[in-house]
Amino acid sequence: MNIRSFGARLGAVLLASAFAPMASNVARADAVSDFYKGKSVTINIGFGAGGGYDTYARVLARHYGNHIPGEPTTIPVNMPGSGALRAANFVYSAAKKDGTAMALVGASTLMEPLFGNKAAKFDSTKFTWIGSMAKDIAFCGIWKTAGIKTFEQWKASGKQLTFGATGPAAITAQHPLIMRNVIGANAKVLTGYKGTKDVNLAMQRGEVDGSCGLFVSSIQAQYQRFVDSGDMILVMQMGPGTTDVFGKVPSIFDYAKTETDKQVLEIHFGQLLLGRPFVGAPGIPADRAKALQDAFLATLKDPKLLADAAKARITIDAVSADEALKLLVGFGAYPKDAIAAATKAIGRTDKKKK
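Note that the structure is predicted; figures quoted are calculated from it, not measured.

Can you help me understand the overall build of the protein chain in this one?
Secondary structure assignment for the protein chain yields 13 helices and 11 strands. Each principal axis of the C-alpha distribution contributes one length, and for the protein chain these read about 95 × 45 × 35 Å. Taken over 354 residues, the protein chain has a buried fraction of 52%. Summing over all exposed atoms, the protein chain offers an accessible surface of approximately 15,600 Å²; the carbon and sulfur share of this is 55%.

Printed below as a string of structure tokens:
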């Protein structure tokens, strides 16, 4: 073989090698597109209609399918129950593991296995993580009829205030319990509501005194008028960061007296960086999982979605699947005594020690 013919053959081999990965990627994309074409993807919303989670899911659903290869229809379905445990359990165990079902749950829902909740029949790290639509800070609000203007006044008075909640796994229940068990506020929790919308209607009717787990975006979208009028007084904010968007409201971290207290608050409120987490069933084929994750981030940059979000007055602050999973795994690395204290803070015993 002469040098010229060898060079020609080598060039052909190199050219084929260069295009092989591209051809493989195209083949995978085509396979994903072929699978999703004509199908639908269901988003099981772990809370009732009309609340913040519901709003986020429905805004996403209007645009998500346009960014998934094959452009499947995206269908949001409300599946409230036990602070979103029902939706999480369903997607983990009962839903098809083919990439056609996912759930929007609470960050606190995904922490339940860490706290020994036997009703949480899932390993949060084994979901196919899709990502989160927003990071957020949560507030506790009290209706004006309670006669309380500030947290300090409430704590000093010793008055018992009742907070409405969905279920024990939801922050609507956990945040007032943490205020009671960690920083000494006299709070009581009444569960059984379908979502924050129902809790807040109950507050306005006088069934309960207050509501917790109110994200900044939800307040701005649905309850800003009550804050502005003084009907709802925001007495505490919870989160790894703080905001003065509603004026000066104390942070729960200001009341941590010990290092363990601080760690308990970090475990419970650091999770708010997960904000509005979307998870799929375990075992979704890798190419479809990647497509869903990429489409999720692309959708959150879509000008049409951003316009819808602005109209709905919700904040978009994307968290990738990898970032969310890393954060979740980090909570399990806290000292055992801190996890035990965090479990006790929401009114439970550390079942791992029994």
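Help me understand the environment of His 175 in this model?
Inspection of the secondary structure assignment puts His 175 in helix H6 (residues 171-183). Note: C-alpha distance between His 175 and Ala 165 (10 residues apart in sequence) is 9.9 Å. When neighbours within four sequence positions are excluded, His 175 is seen to be in contact with Ala 138, Cys 140, Cys 212, Gly 213, Met 238, Phe 269 and Leu 272.

What's the story with the packing of helix H9 (residues 259-269) against helix H13 (residues 336-345) in this structure? I'm lost.
Relative orientation and spacing of two packed helices are given, respectively, by the angle between their axes and the distance between those axes. At their nearest, the axes of H9 and H13 sit 9 Å apart, and the two run at 70° to each other. By the angle between their axes, H9 is roughly perpendicular relative to H13. Crossing of H9 over H13 shows right-handed handedness. Of the residues in H13, those touching H9 at Thr 260, Gln 263, Val 264, Ile 267 and His 268 are Ala 338, Ile 339, Ala 341, Ala 342 and Ala 345.

Looking at this structure, I do not really get the layout of surface pockets. What am I missing?
To locate leftover empty space, one rolls a probe as large as a water molecule over the atoms. Here the largest pocket defines a volume of roughly 150 Å³. Contributing to the lining of the largest pocket are Leu 110, Met 111, Pro 113, Leu 114, Asp 123, Ser 124, Thr 125, Leu 328, Val 329, Phe 331 and Gly 332. When contributions to the lining of the largest pocket are tallied by element, the ones reaching two or more residues are helix H4 (107-111) and helix H12 (321-331). Among the elements that make up the lining of the largest pocket, the one with the highest residue count is H12 (three residues). Considering only residue class, the lining of the largest pocket consists of seven nonpolar, three polar and one charged.

What's the story with the pattern of salt bridges in this structure? I'm lost.
Close approach of charged atoms allows side chains with opposite charge to pair. Under the criterion given, the structure shown has seven salt bridges. In this structure, the salt-bridge partner of Arg 62 is Asp 308, at a minimum N-O distance of 3.0 Å. Highlighted residues: Arg 62 in helix H2 (residues 52-64) and Asp 308 in helix H11 (residues 303-312), separated in sequence by 246 residues. The residue Asp 231 makes a salt bridge to Lys 144 at a minimum N-O spacing of 2.8 Å. With Asp 231 in the loop between helix H8 (216-229) and strand E9 (232-238) and Lys 144 in the loop between strand E5 (138-143) and helix H5 (151-157), this residue pair connects regions lying 87 residues apart in the sequence. By relative accessible area, Asp 231 is classed as buried at 18%.

Help me out: how do you make sense of empty space enclosed by the protein in this one?
All told, the structure shown has two cavities of 30 Å³ or more when counted by the stated rule. Size it by volume and the largest cavity reaches roughly 150 Å³. Around the largest cavity, the lining comprises 18 residues; the ones closest to its centre are Phe 47, Tyr 53, Thr 172, Thr 196 and Gly 213. Put simply, the parts of the chain that give the lining of the largest cavity at least two residues each are H2, H6 and strand E8 (210-215). A per-element tally of the lining of the largest cavity places E8 first, with three residues. Across the lining of the largest cavity, the residue classes tally to six nonpolar, 11 polar and one charged. Of the pockets and cavities examined, the second largest cavity occupies roughly 40 Å³. Taken together, Gly 52, Thr 55, Tyr 56, Ser 217, Ser 218, Ala 221, Gln 222, Arg 276 and Ile 314 make up the full set of residues lining the second largest cavity.

Please explain the nonpolar core as it appears in this structure.
One broad rule of soluble globular proteins: the nonpolar side chains tend to lie buried together. By size, the foremost hydrophobic cluster in this structure holds 93 residues, and its most contacted members are Trp 154 and Met 179. With sequence-adjacent residues up to four places away left out, Trp 154 is seen in contact with Ile 142, Ile 148, Lys 159, Leu 161, Phe 163, Met 179, Ala 185, Asn 186 and Ala 187. Counting 18 residues, the second largest nonpolar core, distinct from the first, contains Val 208, Met 232, Leu 234 and Val 249.

Any chance you could explain the packing of aromatic side chains here in plain terms?
Aromatic rings in a pair are described by how distant their centres are and how their planes are angled relative to each other. Within the structure shown, the criterion is met by 14 aromatic pairs. Where Trp 143 meets Phe 226, the ring centres are 5.4 Å apart and the plane angle is 75°; that geometry is what we call edge-to-face. Highlighted residues: Trp 143 in strand E5 and Phe 226 in helix H8, separated in sequence by 83 residues. Under the relative-accessibility criterion, Phe 226 is labelled buried at 12%. Where Trp 154 meets Phe 163, the ring centres are 5.7 Å apart and the plane angle is 45°; that geometry is what we call tilted. In this structure, Trp 154 and Phe 163 share a single accessibility class: buried. Ring-pair connections join several aromatic residues into one group, and the members of that group are Phe 151, Trp 154, Phe 163 and Tyr 255.

How should the state of the cysteines be read in this particular structure?
By definition, a disulfide links two cysteine residues through a covalent bond between their sulfur atoms. Summed over all chains, the structure comprises one disulfide. Residue Cys 140 pairs covalently with Cys 212 via a disulfide, S to S 1.8 Å. Since a negative S-S torsion denotes a left-handed disulfide, the Cys 140-Cys 212 link at about 115° is right-handed. Taken together, the residues span a long stretch of sequence, with Cys 140 in strand E5 and Cys 212 in strand E8 at a distance of 72 residues.

Calculation notes
Residues numbered from 1 in each chain as written. Predicted model: local features only at pLDDT ≥ 70, side-chain atom pairs only at ≥ 80, totals over all residues. Heavy atoms only, no water. Helix = DSSP H or I, 4+ residues; strand = E, 2+ residues; numbered from the N terminus. Buried < 20%, exposed > 50% of the residue type's maximum accessible area, 1.4 Å probe, protein only. Areas by Shrake-Rupley, 256 points an atom, 1.4 Å probe, with all protein chains shown as cover. Contact = heavy atoms within 4.5 Å. Axes fitted to C-alpha atoms, helices over the stretch in contact; angles between N-to-C directions. Parallel < 35°, antiparallel > 145°, perpendicular 65-115°, else oblique. Left-handed = near helix turned anticlockwise from the far one by under 90°. 1 Å grid on protein atoms, 1.4 Å probe; cavity = no way out; pocket = protein on both sides within 12 Å on 5 of 7 lines; lining within 4 Å. Points joined across faces, edges and corners; volume = space filled by probe spheres on them. Nonpolar A, V, L, I, M, F, W, Y, C, P; charged D, E, K, R; others polar. Salt bridge = Lys/Arg side-chain N within 4 Å of Asp/Glu carboxyl O. Core = buried A, V, L, I, M, F, W, Y, C linked by side-chain atoms within 4.5 Å. Phe/Tyr/Trp six-rings, centres within 6.5 Å; stacked < 30°, edge-to-face > 60°. Disulfide = S-S within 2.5 Å.

Taken by themselves, the reported measurements are silent on function.
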